[in-house]
Amino acid sequence: QLQLVDFGGGLVQPGGSLRLSCAASGFSLDDYVIGWFRQAPGKEREGVSWISSSGGNRNYADSVKGRFTISRDNAKNTVYLQMNSLKPEDTAVYYCAAARLTQRFRLRIPEDWHQYEYWGQGTQVTVSS
């Protein structure tokens with residue numbers, strides 16, 4: 001069974017921090033690029049951050065740039081999203097997703113959720129005072 005499990009969400013006050021984790025089972029993340037996406041009630045799913053298979057290239061949505069940091073530990077088969085200076089507008093269900101590495105994806109990290117093959121179940125992040 002190929003599966004991604006994302007966890008680490010919760011309730012935090014504005015300005016606080018959370019670290020989300022995405023752990024793979026049944027396959028190795030070495031051959032995958034990873035993206036974090038989020039979806040708030042009544043809104044479309046949007047991309048948050050993306051990381052190459054080696055971890056050498058990282059991209060961020062403008063709304064989280066400077067506040068969020070994506071990283072990966074391939075030895076632990078896990079990807080992380082460190083979220084600092086959280087704002088109420090960050091409230092959403094956060095999903096990690098994996099896209100199998102291709103020649104095309106070696107040149108450009110995919111940022112559209114339609115391009116990702118495996119998905120975590122989602123973890124709720126609520127930022128409120």
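Read on for a plain summary of the structure. Note that this is a predicted model, so its numbers are computed, not measured.

Our focus in this paragraph is the environment of Ser 63. Considering the arrangement of structural elements, one finds Ser 63 in the loop between β6 (58-60) and β7 (68-73). In this structure, the C-alpha to C-alpha distance between Ser 63 and Ala 40, residues 23 residues apart in sequence, is 14 Å.

Next up on the list: the nonpolar core. The nonpolar side chains of a soluble globular protein tend to be buried with one another. Counting 29 residues, the largest nonpolar core has Leu 4, Leu 29, Trp 36, Leu 81, Met 83 and Tyr 94 as the members making the most contacts within it. Secondary structure elements with two or more residues in this core: β3 (18-25), β4 (32-39), β5 (46-51), β7, β8 (78-83), β9 (92-100) and β11 (123-127). Leaving out residues up to four positions away in the same chain, Leu 29 has contacts with Leu 4, Cys 22, Ala 24, Ile 34, Arg 72, Asn 77, Thr 78, Val 79 and Ala 98. Among the nonpolar cores identified, the runner-up in size contains nine residues, and Ala 97, Leu 101, Phe 105 and Ile 109 belong to it.

Rules and cut-offs
Residues numbered from 1 in each chain as written. Predicted model: local features only at pLDDT ≥ 70, side-chain atom pairs only at ≥ 80, totals over all residues. Heavy atoms only, no water. Helix = DSSP H or I, 4+ residues; strand = E, 2+ residues; numbered from the N terminus. Core = buried A, V, L, I, M, F, W, Y, C linked by side-chain atoms within 4.5 Å. Buried < 20%, exposed > 50% of the residue type's maximum accessible area, 1.4 Å probe, protein only. Contact = heavy atoms within 4.5 Å.

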